[in-house]
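# Observations on the three-dimensional arrangement
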Amino acid sequence: MSILSRLLPPGRRHALPLILFMAVGFAAPLFAVIAYSFVPARTFDLWADWSFDNYLEVFNSTSYIAFGWSLGLAAATVLILALVCYPVAFGLARVFGKWATLITLLFTLPLFVSENVRLYGWIMVFIKNGVLLGTLKSLFGWEPDSIVFTPELTLLGMVYVYLPFMLFPMTLGVSMVPQQTRDAAYDLGASRWQVFREVDLPLSMPGIVIGFLLTFVLAVGAIAEAKVLGGQRIIPIANDIEVAFTYAQNWPLGSALAVLLMLLVGFLVLIVLRRFDLDTILGRR
Amino acid sequence: MSYFKQTRRDFLKHSALAAGGLAAGGLTGLGAASARSNELNILCWEGYNSAQVLDPFRSEHGITIRAESLTNDPTMINRLRAGETNVWDLINVNNPWARKIMYPEGLIKPIDRARFEPYFDKMLPEFKAPYKWAMDEKGEQLLGMAQRFGPFSYVVNTDKISRATAEDQGWDLWNDPANAGKYGVQASDDWNVFDICCIAGFDPFKEHSDEEVAKFTETAAKVFKGAKMVSDLATLNQGLVSGEIDFYLTGGTYTASPARADGALNIRAITPLRGPFADGKAGISWIEITSVVNNPDISTHAENFLEYVQSPEMSHTVAFAEGTFNPVTQMGNKACFDLFTKEELDIIQWDSLEEEMARCVEYDIVPDYDKLLDIMTAAKREASGG
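The name that an unreviewed UniProt entry assigns to chain B is Spermidine/putrescine transport system substrate-binding protein, with the source organism given as Dongia mobilis.

Chain A carries the name Spermidine/putrescine transport system permease protein in an unreviewed UniProt entry, which gives Dongia mobilis as its organism. The Subcellular location (unreviewed entry) comment attached to chain A in UniProt states, word for word, "Cell membrane".

## Observations concerning the overall build of chain A
Looking only at helices and strands, chain A features 15 helices and 0 strands. The C-alpha radius of gyration of chain A comes to 24 Å, more than 25% above the 19 Å expected for a compact globule of 285 residues. By principal-axis analysis of the C-alpha atoms, chain A measures approximately 70 × 65 × 35 Å. Looking at chain A as a whole, 41% of its 285 residues qualify as buried. Of the contacts made within chain A by residues no fewer than 6 positions apart, 68% connect residues no fewer than 24 positions apart.

## Some points on the overall build of chain B
Check the secondary structure of chain B and you find 18 helices and 11 strands. Here the C-alpha atoms of chain B give a radius of gyration of 21 Å, agreeing with the 21 Å that 2.2 N^0.38 yields for 386 residues. On the principal axes, the C-alpha backbone points of chain B span a range of 60 × 50 × 40 Å. Burial statistics for chain B: of 386 residues in total, 61% are counted as buried. Restricting the contact set of chain B to residue pairs at least 6 apart, pairs at least 24 apart contribute 77%.

## Details of the side chain of B:Asp195
Residue and element names in this part refer to chain B. Looking at the secondary structure, you find Asp-195 in helix α9 (residues 189-200). Of the side chains bearing the opposite charge, Lys-380 lies closest to the buried Asp-195, which forms no salt bridge; the N-O distance is 13 Å. Not counting chain neighbours up to four residues away, the residues in contact with Asp-195 comprise Ser-153, Trp-171, Leu-249, Thr-250 and Ile-284.

## Description of the UniProt feature "domain: ABC transmembrane type-1" (unreviewed entry) in chain A
Here the UniProt feature "domain: ABC transmembrane type-1" (unreviewed entry) sits at residues 67-272 of chain A. Each end of residues 67-272 of chain A is marked by a C-alpha atom, and these two atoms are 19 Å apart; helix forms 77% of the span and strand 0%.

## Remarks on helix α14 (residues 312-319) of chain B
For α14(B), a buried count of 6 out of 8 residues is recorded, marking the element as mostly surrounded by other parts of the structure. By the burial criterion, the buried members of α14(B) are B:Pro312, B:Met314, B:Ser315, B:His316, B:Val318 and B:Ala319.

## Some points on the nonpolar core
B:Met102, B:Phe216 and B:Phe305 are the most contacted members of the largest nonpolar core, which totals 113 residues. Residue contributions to this core peak at 8 residues, all from α9(B). For this core, the domains that each give at least three residues are domain 1 (8-147 + 288-340) and domain 2 (150-283 + 365-383) of chain B. With sequence-adjacent residues up to four places away left out, B:Phe305 is seen in contact with B:Leu40, B:Ile42, B:Val53, B:Leu54, B:Phe57 and B:Leu90. Ranked by size, the runner-up nonpolar core spans 68 residues in total, among them A:Val78, A:Ala89, A:Ala100 and A:Ala256.

## With respect to the pairing of strand β10 (residues 283-293) of chain B
Residues and elements named next belong to chain B. Where burial is concerned, most of β10 is hidden: 11 out of the 11 residues are buried. Bridge analysis of strand β3 (residues 90-94) against β10 gives 5 bridges, and the strand direction is antiparallel. Pairing of Asn-92 across the sheet is with Thr-290, part of β10. Sheet topology note: the strand β4 (residues 108-109)/β10 ladder contains 2 bridges and is antiparallel. Paired with Lys-109 across the two strands is Val-292, which belongs to β10. As paired strands, strand β5 (residues 145-157) and β10 are joined by 5 bridges and run antiparallel to one another. Each bridged residue has a counterpart across the sheet, and for Ala-146 the counterpart in β10 is Ile-289. Relative to strand β11 (residues 360-362), β10 is paired through 3 bridges, and the arrangement is parallel. Residue pairing across strands places Ile-284 opposite Val-361, the latter belonging to β11.

## Regarding the domain arrangement of chain B
All names here are of chain B. Domain parsing of chain B yields domain 1 (8-147 + 288-340) and domain 2 (150-283 + 365-383). A C-alpha centroid distance of 28 Å is found between domain 1 and domain 2. On the domain 2 side, the residues contacting the 14 residues of domain 1 number 9 residues. With both chains or domains summed, domain 1 and domain 2 bury close to 860 Å², and 65% of this area falls on carbon and sulfur atoms. Run the count over domain 1 and domain 2 and you get 0 salt bridges. Those elements giving two or more residues to the side of domain 1 that touches domain 2 turn out to be α5 (73-81) and α6 (95-102). If you tally residues by element for the side of domain 1 that touches domain 2, the top one is α6, at 4 residues. Here the side of domain 1 that touches domain 2 is composed, by residue class, of 7 nonpolar, 4 polar and 3 charged.

## Some remarks on unusual backbone geometry
Only a minority of non-glycine residues have a phi that is not negative, and only a minority of peptide bonds are not trans. Residue B:Pro130 is bonded to the preceding B:Ala129 through a cis peptide linkage, with omega at -5°. For B:Pro130, the location among the structural elements is in the loop between α7 (113-120) and β5. The backbone of A:Arg42 sits at a positive phi, close to 55°, despite the residue not being glycine. Counting through the fold element by element, A:Arg42 comes out in the loop between α2 (10-36) and α3 (53-60). With a phi angle near 55°, A:Gln232 is a residue other than glycine that sits in the positive phi range. Note that A:Gln232 resides in the loop between α12 (224-228) and α13 (237-245). By relative accessible area, which is 5% here, A:Gln232 ends up buried.

Cut-offs used in this document
- Residues numbered from 1 in each chain as written.
- Chains lettered and ligands numbered in written order.
- Predicted model: local features only at pLDDT ≥ 70, side-chain atom pairs only at ≥ 80, totals over all residues.
- Heavy atoms only, no water.
- UniProt positions renumbered as here; feature names shortened; annotations may be inferred.
- Helix = DSSP H or I, 4+ residues; strand = E, 2+ residues; numbered from the N terminus.
- Rg over C-alpha atoms; globule rule 2.2 N^0.38 Å.
- Buried < 20%, exposed > 50% of the residue type's maximum accessible area, 1.4 Å probe, protein only.
- Contact = heavy atoms within 4.5 Å.
- Lys, Arg positive; Asp, Glu negative; His and termini not counted.
- Salt bridge = Lys/Arg side-chain N within 4 Å of Asp/Glu carboxyl O.
- Core = buried A, V, L, I, M, F, W, Y, C linked by side-chain atoms within 4.5 Å.
- Domains from an automatic or database assignment.
- Pairing = 2+ DSSP bridges.
- Buried area = accessible area lost by both parts, 1.4 Å probe.
- Nonpolar A, V, L, I, M, F, W, Y, C, P; charged D, E, K, R; others polar.

Written as structure tokens, this is what we have:
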């Protein structure tokens, strides 16, 4: 057997194109961002003196406000979506029958329209003299205060945009619960609440956890909702990163913010995965 | 006196790894193109990338044109600094960059004076050759062509605040506590730095003292705290039309024009009567200069395109290309001016353009921009902290 064959058995050899593709397309940009976070502020030379100055600048600034908004809104989005999506997921998996496909399609359709267009649509609905307030005014003479450009509407926009990312994994999770198990629980005298708490919820947990993680990771990087619906009355961390990379042309600072966000989100995801081991709840070990 | 301290010319040379990721948008393929008589790449503000402007040139020459539109100058300049001079053939940015930054740094190259200067003679009077912003600092080399321009201070709904009041109160509109919650701010951070200096009562385009920086900090906090919204021009105009806000900061004919084109002639760009500049100037104006990039393998069509957009018909098309609508310097030529309808002249506020431009200083480099931008970004973030 040649040395090459020993070093690169067929499995590895055939995986090589994919490994190279992932290294160039996925790992390289990530490492570039990490490397930039250590170079002097407002420079582009990767081989300049590396330091933690950009991180110190972040810690000495008020960036915690932006981190707080992003994490807080993402957490609130996940919680609201969990409450909204579980009944819908249950319906899609167990109740709606032949209508489930049509309803799934209705939830999917908005994904074919640009997120910005959909958010501007909400502006037209909620803005003063818009679809909602204008109608209330003309029909009932009632002029409530506008709610656009508020944190609340930002949250509504995030719930709306990320709903499919919670709903579909959750539906998959709910549909994984065997009907026989539920029937057995009822036969043994379990109440509906007991069946939900001791059968449905634990067995659908893989879908729920995946939905939580997917939604949280996407929502923590959200920027369009705060820009369009929130009128930047709140500044999420993604906005600070964008300003650093554009108007400020401070790529190192933007990179440090991005790395910190990745670490923070990675840490939180790890905590969840330690609590809910997906392999275990999927029954693989 | 520099926005940026980096020495970026070595950037790509030393970091192929980073370039692989950062240039993944397909530009590397463009950079590798060799048939430079068959293509033209333009980095520009919106409008020059529209089909109305590009398609006739494409058909006439049978070439591929790629035009990428960005909405702030620093990003475009830094694309060239980061090594994209071998990608782009033309760059269209605001007036100070060609003369003060791009030519001294070797990012653009001069164009043929004999060929292009006669076009300046047909422009509006203030743009006659040698036009300062199109020339190098020594006044010897022609660095680009002037086309779109406009005053850029703020925009009001004249049903809420009359033009006379808005002009008279000027930048103090933002110093009046009674106006908190009644205005928006455009998410155009470089221009917001200029305007917050004006509200604070000093000229943005100079080095600032510690007292002025302290005043800037206080003013930025006040402006963002009182802002109902910080958004793009479409949402701000929507906010004005619907009554959510009464006026917004950083705006001009460029931003008001889409609303006016939709019939909302009560949305009006305002240049204040009094301001912090020398010679009684009060507002700020911009003039785009389109230059030829110092591309080692420049497209043979670069200068031809610059000449193509000087014609009366194409100048009118550029003025009313998609997105926003703006006056063009070529309106000094009767053949071009006659192409504008009365409605179009109303949209770009032709009635007051000359007097407003006369009250404006021209956009310039802010020596301590980095510091002021950081202060303003923090102020915006802290205003969101409750």
